[in-house]
Amino acid sequence: MTKPTGLKWSRSSKRATLSAIAVTAAALLTLTACGGGSNDTAATDTAATDTAVTLVEALPAGQWISYSGDFKEAANWDTAQTLTLELGAGTITPSNLELVAGQPYVIEISNTDSVEHGLSALDFMRASAVRKAESPGAEIKVTLFKEIYVLPGKMMELFVVPVIPGVTAMNGLTDGVADASMTGTISVTGTAPTTPAPVIDPFSTVGEVAGAADLIAAAKATWSTDATAVTFEMNDNGDAHFYSPKTVTLKVGKPAILTFANKGNIQHVFVAEDFFKTAAFWKVVNAEGSVFGGMARGADLEVGGASNMYLIPTKVGTYKLTDDSAGMESMQATIIVK
């Protein structure tokens, strides 16, 4: 994938204050009650025995690792450790997830309940390099992961490299509301990497459109009935690869549901960065759950995979939809916003 344009991706503009990070690491994991332990042992603990973990802020409020690409590219994902995190009826198991800064992880977030549950861990997400969320057939990528929802009996994988040490809260969500009984912590130990060095910026660089929250809030109640629904199919015909339809027209201020569906016989990528950075983004939904974040990004789709993107166009213009993979030059479509 190419780096998003129009955002502050300069890796030399801002560097983490490593002395402050060292202080954070030294203060890490001050436990005021028994619990913690590794992911394997913590899975057998109950919420009652794994509480009262003192939080240690990884980054000051309103800051995030603004370009995390180097960490994702440098990581050896073949050696990533797989951990499990279960969202159940009133519990998160384990209630303390222990990670090491600079190491790649695949966190399997599963829902063992009969209703949909979400996971909110913003302080952890903004201090980490989150590569993607993934379910069979589809990736989800956003500039800043905020909440991940998993349908009953389903599982989403989170590919992440923790960067800044700290002990941060995670909270379970039911019907979009924090569940007081579903709480826990994510403890990141070790030392923040210096090569590559973290680039820390204010939330103003996340890429969210001004006023996006108000636009989304006003449209939620009637989205399912009022939104423009469009499906872009990705197809192959021998050596020719193409989107169908070739042109789609949307309206400024009108909610849209854009479905990207791979009907071809090889993996495809959808990329429309210029369009995404002008749209108020709500969420991406697939067959296993949904992700809420800062700004939508293009992603990979396996054969048969599909992603449904909920957003509101805010700027008149003509935008290109492409597949930027090698040999996919014929994968071109146009999004017109009037």
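Quick notes on the rules
Residues numbered from 1 in each chain as written. Predicted model: local features only at pLDDT ≥ 70, side-chain atom pairs only at ≥ 80, totals over all residues. Heavy atoms only, no water. pLDDT = per-residue confidence, 0-100. Helix = DSSP H or I, 4+ residues; strand = E, 2+ residues; numbered from the N terminus. Contact = heavy atoms within 4.5 Å. Pairing = 2+ DSSP bridges. Axes fitted to C-alpha atoms, helices over the stretch in contact; angles between N-to-C directions. Buried < 20%, exposed > 50% of the residue type's maximum accessible area, 1.4 Å probe, protein only. Polar contact = N/O pair within 3.5 Å; in protein donor to acceptor, adjacent residues only side chain to side chain. Phe/Tyr/Trp six-rings, centres within 6.5 Å; stacked < 30°, edge-to-face > 60°. Lys NZ or Arg CZ within 6 Å of the ring centre and 35° of its normal. Core = buried A, V, L, I, M, F, W, Y, C linked by side-chain atoms within 4.5 Å. Salt bridge = Lys/Arg side-chain N within 4 Å of Asp/Glu carboxyl O.

To continue, consider the confidence of the model for the chain. Averaged over all residues, the pLDDT of the chain equals 86, while 84% of them reach at least 70. Of all secondary-structure elements in the chain, the lowest mean pLDDT belongs to helix α1 (residues 18-26), at 41, while strand β16 (residues 247-250) reaches the highest, 98. Note on residues 1-51: pLDDT is under 50 here. Beyond four places in sequence and across chains, it has 91 contacts.

This paragraph deals with the sheet that holds strand β23 (residues 317-322). On the basis of which strands lie adjacent, the open sheet formed by three strands has the order β16-β24-β23 and mixed pairing. Pairing within the sheet leaves two strands with one partner each, and these edge strands are β16 and β23. This sheet shows a mean twist of 20 degrees between the axes of neighbouring strands, independent of strand direction. Two elements, β23 and strand β24 (residues 332-337), share six bridges in a ladder whose sense is antiparallel. Looking at β24, one finds that Leu 321 is bridged to Ala 333.

Tracing the backbone shows Thr 143 in the loop between β8 (138-140) and β9 (145-150). For Thr 143, a relative accessible area of 11% corresponds to the buried category. Polar contacts involving the side chain of Thr 143 include one to the main-chain carbonyl oxygen of Val 206, which spans 3.0 Å. Only 2.9 Å separates the side chain of Thr 143 from the backbone nitrogen of Met 295, close enough to count as a polar contact.

Bringing the packing of aromatic side chains into the picture now. Given two aromatic rings, one states the distance between the centres and the angle between the planes to describe the pair. Counted by the stated rule, this structure contains eleven aromatic pairs. Seen from their ring centres, Phe 275 and Phe 276 are 5.9 Å apart, and the 50 degrees between their planes marks the pair as tilted. This pair shows no difference in class: Phe 275 is buried, exactly as Phe 276 is. Through a chain of ring-to-ring contacts, three or more aromatic side chains come together here, namely Tyr 149, Trp 223, Trp 282, Phe 292 and Tyr 310. Between the NZ or CZ atom of Arg 131 and the centre of the ring of Trp 77, over which it lies, the distance is 5.0 Å. The ring of Trp 282 has Lys 283 sitting right over it, with the charged end atom 4.1 Å from the ring centre.

In this section: the nonpolar core. The biggest cluster of nonpolar side chains holds 58 residues, and the ones touching the most others in it are Phe 270, Phe 275 and Met 309. Once you skip the residues sitting within four places of it in the chain, Phe 270 turns out to touch Met 234, Tyr 243, Phe 260, Phe 276, Arg 297, Gly 298, Ala 299, Leu 301, Met 309, Leu 321 and Thr 322. Within the second largest apolar cluster, 16 residues are counted, among which are Leu 59, Phe 71, Val 106 and Ala 127.

Turning to the pattern of salt bridges, a few remarks are in order. Here the structure, examined in full by the defined rule, presents six salt bridges. Two residues, Arg 126 and Asp 123, come together in a salt bridge whose shortest N-O distance is 3.0 Å. A relative accessible area of 3% places Arg 126 in the buried class. On the basis of relative accessible area, Asp 123 is assigned to the partly exposed category, the value being 35%. A salt bridge links Lys 141 to Glu 139; its shortest N-O distance comes to 3.6 Å. Its relative accessible area of 11% is what places Lys 141 among the buried residues. Within this structure, Lys 132, Glu 134, Glu 139 and Lys 141 form a network of salt bridges that share partners.

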